[in-house]
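Remarks on the overall topology
Residue strings, one per chain:
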Amino acid sequence: MFLTVVWNHAESFARVRTTDDRFTAVLFDLSPEGRFVFVFITAFLIARSASTSSAIGRLVAIVGPLLVWCALYAGVEMIANGPGPGGIGSVLSSFLTVLVETPLYFVIVTIQLTLLTPLIQVMVRLERRAQIVLVTVAATAQIAVVALDLALATVQFPFGALCIWYPLWIIGGAVLAANLEVVTGWFRANLLRMLAVLGMFAAAYVGIATSVDDPGAFGSNLLLRELRSAWNVLVGTTLVATCMQLVASNGRWSARAKRAGERMQDLGYGLFLAHELVLHGLATALAPVSGTVPFPVLTLILWAGAAAATLGFVLVARRTPLSWSLTGRPMQRRVVRASVHEIA
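Residues numbered from 1 in each chain as written. Predicted model: local features only at pLDDT ≥ 70, side-chain atom pairs only at ≥ 80, totals over all residues. Heavy atoms only, no water.

1. So, the side chain of histidine 275
Relative to the helices and strands, histidine 275 is located in helix H12 (residues 252–290). Owing to a relative accessible area of 0%, histidine 275 belongs among the buried residues under this scheme. There is a polar contact of 2.9 Å between the side chain of histidine 275 and the backbone oxygen of phenylalanine 272. Beyond its immediate sequence surroundings of up to four residues, histidine 275 is in contact with Phe2, Val5, Val6, His9 and Thr310. (Helix = DSSP H or I, 4+ residues; strand = E, 2+ residues; numbered from the N terminus. Buried < 20%, exposed > 50% of the residue type's maximum accessible area, 1.4 Å probe, protein only. Polar contact = N/O pair within 3.5 Å; in protein donor to acceptor, adjacent residues only side chain to side chain. Contact = heavy atoms within 4.5 Å.)

2. Side note on the environment of leucine 273
Along the chain, leucine 273 falls in helix H12. Overall, the relative accessible area of 0% leaves leucine 273 in the buried class. Sequence separation of leucine 273 and cysteine 70 is 203 residues, and the distance between their C-alpha atoms is 9.4 Å. Leucine 273 has contacts with Pro65, Leu66, Trp69, Tyr73, Leu104, Phe106, Val107 and Leu326, leaving out every residue within four places of it along the chain.

3. Description of helix H6 (residues 105–115)
Counted residue by residue, H6 has eight buried out of eleven residues, so it is predominantly covered. When H6 is considered as a whole, its buried residues turn out to be Tyr105, Phe106, Val107, Val109, Thr110, Ile111, Leu113 and Thr114.

4. Some details on the side chain of threonine 238
Looking at where threonine 238 falls in the secondary structure, it is placed in helix H11 (residues 218–248). Those residues in contact with threonine 238 that sit more than four places away from it in its chain are Leu191, Met194, Leu195 and Leu198.

5. Comments concerning the packing of helix H9 (residues 167–178) against H11
Where H9 contacts H11, the two axes come as close as 12 Å, and the packing angle between them is 30°. Taken together, H9 and H11 sit at an angle that is classed as roughly parallel. The two elements H9 and H11 meet at a crossing, and its hand is right-handed. The segment H9 lies against H11, with Leu168, Trp169 and Leu176 engaging Asn232, Val233, Val240 and Met244. (Axes fitted to C-alpha atoms, helices over the stretch in contact; angles between N-to-C directions. Parallel < 35°, antiparallel > 145°, perpendicular 65-115°, else oblique. Left-handed = near helix turned anticlockwise from the far one by under 90°.)

6. Structural notes on the packing of helix H1 (residues 2–15) against helix H13 (residues 295–317)
Across the interface, H1 lies against H13 with an axial gap of 8 Å and an inter-helix angle of 135°. In terms of orientation, H1 lies oblique with respect to H13. The crossing of H1 and H13 is right-handed. Counted together, Phe2, Leu3, Val6, Trp7, Ala10, Glu11, Phe13, Ala14 and Arg15 of H1 and Phe295, Leu298, Thr299, Leu300, Leu302, Trp303, Ala306, Ala307 and Thr310 of H13 form the full contact between these two elements. Across the contact of H1 with H13, the residue classes break down as 14 nonpolar, two polar and two charged. (Nonpolar A, V, L, I, M, F, W, Y, C, P; charged D, E, K, R; others polar.)

7. Remarks on the pattern of salt bridges
Taken as a whole, this structure holds six salt bridges when the rule is applied. Arginine 228 serves as the salt-bridge partner of aspartate 29, at 3.5 Å between the closest nitrogen and oxygen. Pair noted here: aspartate 29 is in helix H2 (residues 22–29) and arginine 228 is in helix H11, with a separation of 199 residues, a long-range link. For aspartate 29, a relative accessible area of 23% corresponds to the partly exposed category. Here aspartate 266 makes a salt bridge to arginine 263, at a shortest N to O gap of 3.2 Å. (Salt bridge = Lys/Arg side-chain N within 4 Å of Asp/Glu carboxyl O.)

These results come straight from atomic positions and should not be treated as a statement about function.
What follows is the structure in structure tokens.
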């Protein structure tokens with residue numbers, strides 16, 4: 001989830017700082033969309049959660065760090081562009097703008113999913129036939145959402161921060177949670193077939209996208225977006241299946257994956273909160289030379305640099321008194337092991 005989201009955002013940063021050609025843009029269309037994987041796995045975790053904490057308690061844990069980071073992002077924005085003429089009104093406006101715009105959209109979606117916890121858990125308890133109907137309806141709704149997104153492209157509103165934009169991913173996550181054992185078995189038996197379908201779909205998409213005369217025309221744009229939506233379903237499902245295959249297996253790599261998963265559960269919220277600001281800083285530092293760097297290379301540099309720097313920042317923040325404010329987790333204290341003589 002984290003690496004795909006950072007990749008998508010690094011690509012956006014690179015796209016406005018250097019030039020790319022049509023074929024490269026088409027290939028980058030096949031990058032997995034981290035926000036869909038994020039919503040899918042978040043809905044799955046909520047559906048599988050055995051937590052007895054109240055929704056209000058979970059919301060407090062989410063909203064506190066969100067407000068802190070909104071203030072940080074707003075401060076950086078005002079430092080870069082000036083505070084504006086409205087005094088305190090401009091400060092408040094900048095804060096609210098950050099709250100609803102893309103850098104923290106995933107937190108807004110998480111808050112909505114937390115509020116929808118009772119509904120998600122009801123879907124888990126439905127009969128399998130009803131769940132299949134729900135997934136079918138959700139898939140149809142997702143197709144409609146893609147068309148609506150294109151039709152409302154001129155409206156200045158971040159629709160991606162609304163849960164209604166992800167019907168298939170939310171319902172799919174809940175249905176996966178309800179049928180985890182069955183689906184895991186199917187994934188393990190059909191993973192190679194899924195990879196083959198993925199490869200064929202990618203080749204078909206590249207062929208269609210490069211042969212369209214006017215990709216910006218409404219009909220062509222709608223077709224390509226619908227194909228990318230189907231691609232995201234395929235690649236998201238394959239990514240999840242691959243991870244489940246790894247974790248369900250035995251051996252050294254499986255043990256490492258499980259340890260990494262446990263660690264990322266602890267660091268994840270802080271990583272998502274901080275990565276956009278780290279990307280901004282890295283892009284600013286590279287600004288003097290970024291225009292001469294090829295688009296794929298610049299994306300790769302921003303992605304790897306931001307992922308590593310964000311991880312380092314959160315690891316340090318977790319050991320400071322600011323840990324809860326910056327990462328949503330209590331301060332992690334270093335465990336000092338006593339020597340054999342001290343124990344004796």
